[in-house]
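# Fold and contact review
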Amino acid sequence: MSRRPVIGVATQTLPAVLGERPPCWVMGQRYVEVLRAAGGVPWLVPLLPHDPDTLREIFSRLDGVFLTGGVDVDPRHYGEDKLPVCGTTDPDRDAVEIQLLQFALGRHLPVLAVCRGIQVLNVACGGTLYQDVAAQVPAALKHDYFPSPENPSRTYLAHDITVRPGSRLGSILGEAVVPVNSMHHQAIKDLAPGLVPSAYAPDGIIEGVEGANGQYLVAVQWHPEELADTQPGMGRLFRTFVDAARAA
């Protein structure tokens, strides 16, 4: 049996609740399960931005990096003040994920990023974000189909995306137009140098990017982990990523 690659997944801060719990580092089980099912060994990375020695030891053992959804990226990372429409941020997560990306990009390790992940990737590479699509792009579709008691499904297909012909994403998904779920209120504004767009929503919002230098670097704005069991292309997205990490 071939060796299973180790995939780094940064956690997120769960604040303390007085009298109930201390601060925690957490991550959704679905991300871990999909990576495991694709043949990877998920390694949850603690948020230790002020302990570079420990982070380097963790990073040195990784074969690939997976960036998940989560809270908003702090606008200070792309030179903007935080607007009232910007939501909760996690400074330690921002710092660790940016360091993790710098490590992966410097060593050409495979990277797969979803939802918040595409946003932090764009910021780490020098791009900017819309702090709130609805407020800053008046003609945009509704993108923030967050689960609620009225609509609890994370698999709801909110809109189609159009995939760029000849892109790595296109070869993986195998279709030019793909229905996706949508649980975000921020999005790429100015695309970072070194990234190329690979998919768009009908309103022009960038829904996919990839690297331009041949590295396995794929990022999407939706949540493919929720669709991996029902859409073959979404399952292939994780399997091709894990296969690339195995070969790294």
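Anyway, here's the lowdown on the structure attached to this text.

Definitions and cut-offs
Residues numbered from 1 in each chain as written. Predicted model: local features only at pLDDT ≥ 70, side-chain atom pairs only at ≥ 80, totals over all residues. Heavy atoms only, no water. Salt bridge = Lys/Arg side-chain N within 4 Å of Asp/Glu carboxyl O. Helix = DSSP H or I, 4+ residues; strand = E, 2+ residues; numbered from the N terminus. Buried < 20%, exposed > 50% of the residue type's maximum accessible area, 1.4 Å probe, protein only. 1 Å grid on protein atoms, 1.4 Å probe; cavity = no way out; pocket = protein on both sides within 12 Å on 5 of 7 lines; lining within 4 Å. Points joined across faces, edges and corners; volume = space filled by probe spheres on them. Nonpolar A, V, L, I, M, F, W, Y, C, P; charged D, E, K, R; others polar. Axes fitted to C-alpha atoms, helices over the stretch in contact; angles between N-to-C directions. Parallel < 35°, antiparallel > 145°, perpendicular 65-115°, else oblique. Left-handed = near helix turned anticlockwise from the far one by under 90°. Contact = heavy atoms within 4.5 Å. Arc of directions from axis to C-beta. Phe/Tyr/Trp six-rings, centres within 6.5 Å; stacked < 30°, edge-to-face > 60°. Lys NZ or Arg CZ within 6 Å of the ring centre and 35° of its normal. Pairing = 2+ DSSP bridges.

This paragraph deals with the pattern of salt bridges. Pairs may arise between side chains of opposite charge once their charged atoms sit close together. Counting across every chain of the model gives 15 salt bridges. Between arginine 56 and aspartate 53 there is a salt bridge; the shortest N-O distance is 2.2 Å. One end of the pair is arginine 56 and the other is aspartate 53, both in helix α2 (residues 52–59) and 3 residues apart, which spans about a single turn. Note that arginine 116 and aspartate 94 form a salt bridge whose closest N and O atoms lie 2.8 Å from each other. Linking arginine 116 in helix α4 (residues 116–124) with aspartate 94 in helix α3 (residues 91–106), this pair joins segments that are 22 residues apart in sequence. Since its relative accessible area comes to 1%, arginine 116 is described here as buried.

This part takes up empty space enclosed by the protein. Within the structure shown, the criterion is met by 1 cavity of 30 Å³ or more. In this structure, the largest cavity spans a volume of roughly 30 Å³. Broken down by class, the residue content of the lining of the largest cavity amounts to 3 nonpolar, 4 polar and 1 charged.

Two numbers describe how α3 lies on α4: the axes approach to 10 Å, and their chain directions differ by 70°. Judged on the interaxial angle alone, α4 and α3 are roughly perpendicular. Two packed elements cross with a definite hand, and for α3 against α4 that hand is right-handed. Along the contact surface, α3 presents Arg93, Asp94, Glu97, Ile98 and Leu101, while α4 presents Arg116, Val120, Leu121 and Ala124.

Notably, histidine 108 is not glycine yet its phi reads approximately 55°, a positive angle. Its relative accessible area of 47% is what places histidine 108 among the partly exposed residues. Positive phi, normally seen in glycine, also occurs at cysteine 115, with a value near 50°.

With that out of the way, let us pick up helix α1 (residues 29–37). Where α1 is concerned, the buried positions are Tyr31, Val34 and Leu35. Burial along α1 is one-sided: seen end-on, the buried residues are contained in an arc of 100°. Pointing more than 90 degrees away from the buried face of α1 are the exposed residues Gln29 and Ala37. Each element contacted by the buried residues of α1 is listed here: β1 (6–10), β4 (41–45), β5 (64–67), β6 (111–114) and α7 (232–247). Glycine 39 occupies a position one or two residues after α1 and carries a positive phi of about 105°.

In total, this model carries 5 aromatic pairs according to the counting rule given. Through a chain of ring-to-ring contacts, three or more aromatic side chains come together here, namely Tyr31, Phe66 and Phe238. The ring of tyrosine 145 has lysine 142 sitting right over it, with the charged end atom 5.1 Å from the ring centre.

Quick look at the sheet that holds strand β13 (residues 217–220) now. Taken in spatial order, the 9 strands make up an open sheet running β4-β1-β5-β6-β13-β12-β11-β8-β9, and their pairing is mixed. Of all strands in the sheet, those with a lone pairing partner are β4 and β9 (177–180), marking the two edges. Put simply, the sheet's adjacent strands are angled 25° from each other on average, direction ignored. Bridge count between strand β8 (residues 159–163) and strand β11 (residues 195–200): 2 bridges; the pairing is antiparallel. The residue bridging valine 163 from the neighbouring strand is alanine 199, located in β11. Strand contacts of α7: β1, β5, β6, β9 and β13, with the helix running at about 150° to β5, the strand carrying the most contacts.

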